[in-house]
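Residue-level structural notes
Below, each chain spelled out in residue letters.
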Amino acid sequence: AQSVTQPDIHITVSEGASLELRCNYSYGATPYLFWYVQSPGQGLQLLLKYFSGDTLVQGIKGFEAEFKRSQSSFNLRKPSVHWSDAAEYFCAVGAGSGTYKYIFGTGTRLKVLA
Amino acid sequence: EAQVTQNPRYLITVTGKKLTVTCSQNMNHEYMSWYRQDPGLGLRQIYYSMNVEVTDKGDVPEGYKVSRKEKRNFPLILESPSPNQTSLYFCASSKGGPPDTQYFGPGTRLTVL
C-alpha cells in the first residue's frame, strides 16, 4: 500500500539558516512526488514536483527537492530560510496508473526565529 | 482569474442534517478531488473524479457522496453528518490526474454538533 511519512512534526530554524524537511514514501512503482506549502488559514500551494528525469527538482520560492529511489526519499531543502517561510509543509505521492489517488503525509510545521 | 471556489466557507450544522458543499473550477480541468484535513493526520483524499460521470473512492469515502454531472462542478454531499466529520475540507482540480498540478480551493470549515 502507498504511504508517505514525514517524521518531523515540528521544526524550528533561525532566519538565514538552511532547511531540510524529510519525506519517505512507500510505493510499488516509480511515484509522482509533490511538496505543498500551507500558510496559516490558507489553502495549499504546490512548491515542486517530481515525475521523471533529473532527480534534483527546483521549485518556487527558492526550494528544491531530491528524489532518491534507493532511500525512498524526497527531501525538501532551502539554503537560506526567510521569516515568510513559516508554514506547514506537506509531502504527497500520486498514483498514475490504475488508480489516480493521492496520499499526503501528516505535515511538518516550520517555525522561523528572527 | 483561474480559480477553485468552494461554498460555504464555514458551516455549523447538527448531526443527521443533510448538507452539500459545492466546488467549482473555471479552468476546464478533467480531474477534481475532495480532501479532509485533520490535525496530526494531514490531508486525506475522500473522492476524486477523472471526468464527468466518473468518480472513484479515495482513502476515506465512508459517510460521503459525490457527483460529477458537469465538468466544472464537483459537490460533496454528507447525507447524515456525524461529529467525526467535523473537519476542514478542500476541493482541488487539475488538468489530468497525477502528475498534473492540483489547484486547491480556499477550504470549508465544517462543524457537526
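Here the structure is a predicted model, which means the values were calculated and not measured.

Another point: the overall build of chain A. Counting its secondary structure elements, chain A contains 0 helices and 12 strands. Order of helices (α) and strands (β) in chain A, N terminus to C terminus: β-β-β-β-β-β-β-β-β-β-β-β. Taking 114 residues into account, the globule formula puts the C-alpha radius of gyration at 13 Å, and chain A, at 14 Å, falls close to it. Among the 114 residues that make up chain A, the fraction classed as buried is 45%. Surface summary for chain A: the accessible area is close to 5,400 Å², and the carbon and sulfur share equals 49%. Charge separation in chain A, taken as the distance between the mean sites of 10 positive and 8 negative side-chain charges, equals 6 Å.

It is worth spelling out the interface of chain B and chain A at this point. Each partner contributes residues to the interface: chain B has 22 residues there, and chain A has 23 residues. Where chain B abuts chain A, roughly 1,800 Å² becomes buried across the two surfaces, and 58% of that area is made up of carbon and sulfur atoms. On the chain B side of the contact with chain A, Leu43, Pro98 and Pro99 of chain B bury the most area, a combined 31% of that side's loss. Remark: the boundary between chain B and chain A carries 1 salt bridge. Seen at the junction of chain B and chain A, the total is 8 residue pairs in polar contact (both at pLDDT 80 or more). Listed by contribution, the elements that provide at least two residues to the side of chain B that touches chain A are strand S4 (31-38) and strand S5 (42-51) of chain B. Counting residues per element, the side of chain B that touches chain A draws most heavily on S5 of chain B, which supplies 5 residues. Grouping the constituent residues of the side of chain B that touches chain A by class yields 10 nonpolar, 9 polar and 3 charged.

Our next topic: the sheet that holds strand S7 (residues 65-66) of chain B. Residue and element names in this part refer to chain B. The 4 strands lie next to each other as S1-S3-S8-S7, forming an open sheet whose pairing is antiparallel. The two strands at the open ends of the sheet, each matched to only one other strand, are strand S1 (4-7) and S7. Here 3 bridges tie strand S3 (residues 19-25) to strand S8 (residues 76-78), and the two strands are oriented antiparallel to one another. Note that in S8 the partner of Leu19 across the bridge is Leu78.

What follows deals with unusual backbone geometry. A cis geometry characterises the amide bond from Asn7 of chain B onward to Pro8 of chain B, with omega recorded as -5°. Note that Pro8 of chain B resides in the loop between S1 and strand S2 (10-13). Each neighbour pair has its own omega, and for Pro98 of chain B with Pro99 of chain B the value is 10°, a cis peptide bond. One can find Pro99 of chain B in the loop between strand S9 (87-94) and strand S10 (103-104). Phi angles above zero are rare outside glycine, and Lys61 of chain A is one such case at about 60°. In this structure, Glu53 of chain B is a non-glycine residue whose phi angle is positive, near 65°. Judged by relative accessible area, which is 61%, Glu53 of chain B ranks as exposed.

Below, the discussion takes up the pairing of strand S5 (residues 32-38) of chain A. Residues and elements named next belong to chain A. Most of S5 is tucked away, with 6 of its 7 residues classed as buried. Bridge count between S5 and strand S10 (residues 87-94): 7 bridges; the pairing is antiparallel. If you follow Trp35 over to S10, its bridge partner there is Cys91. By the bridge criterion, 6 bridges tie S5 to strand S6 (residues 44-50) in an arrangement that is antiparallel. Opposite Tyr36, over in S6, you have Leu46 as the bridge partner. Linking two consecutive strands that pair antiparallel, namely S5 and S6, is a turn of 5 residues; a positive phi of about 70° is found at Gly41 within it.

Our next topic: the state of the cysteines. Residue and element names in this part refer to chain A. Scanning the model with the defined rule gives 2 disulfides over all chains in all. Between Cys23 and Cys91 runs a disulfide, and the two sulfur atoms are separated by 2.0 Å. Taking the sign of the S-S torsion, about -65° here, the bridge from Cys23 to Cys91 comes out left-handed. One end of the pair, Cys23, is in the loop between strand S3 (19-21) and strand S4 (24-26); the other, Cys91, is in strand S10, with 68 residues separating them in the sequence. For the pair formed by Cys23 and Cys91, the shared burial category is buried.

Cut-off values and rules
- Residues numbered from 1 in each chain as written.
- Chains lettered and ligands numbered in written order.
- Predicted model: local features only at pLDDT ≥ 70, side-chain atom pairs only at ≥ 80, totals over all residues.
- Heavy atoms only, no water.
- Helix = DSSP H or I, 4+ residues; strand = E, 2+ residues; numbered from the N terminus.
- Rg over C-alpha atoms; globule rule 2.2 N^0.38 Å.
- Buried < 20%, exposed > 50% of the residue type's maximum accessible area, 1.4 Å probe, protein only.
- Areas by Shrake-Rupley, 256 points an atom, 1.4 Å probe, with all protein chains shown as cover.
- Lys, Arg positive; Asp, Glu negative; His and termini not counted.
- Charge placed at Lys NZ, Arg CZ, Asp CG, Glu CD.
- Contact = heavy atoms within 4.5 Å.
- Buried area = accessible area lost by both parts, 1.4 Å probe.
- Salt bridge = Lys/Arg side-chain N within 4 Å of Asp/Glu carboxyl O.
- Polar contact = N/O pair within 3.5 Å; in protein donor to acceptor, adjacent residues only side chain to side chain.
- Nonpolar A, V, L, I, M, F, W, Y, C, P; charged D, E, K, R; others polar.
- Pairing = 2+ DSSP bridges.
- Disulfide = S-S within 2.5 Å.

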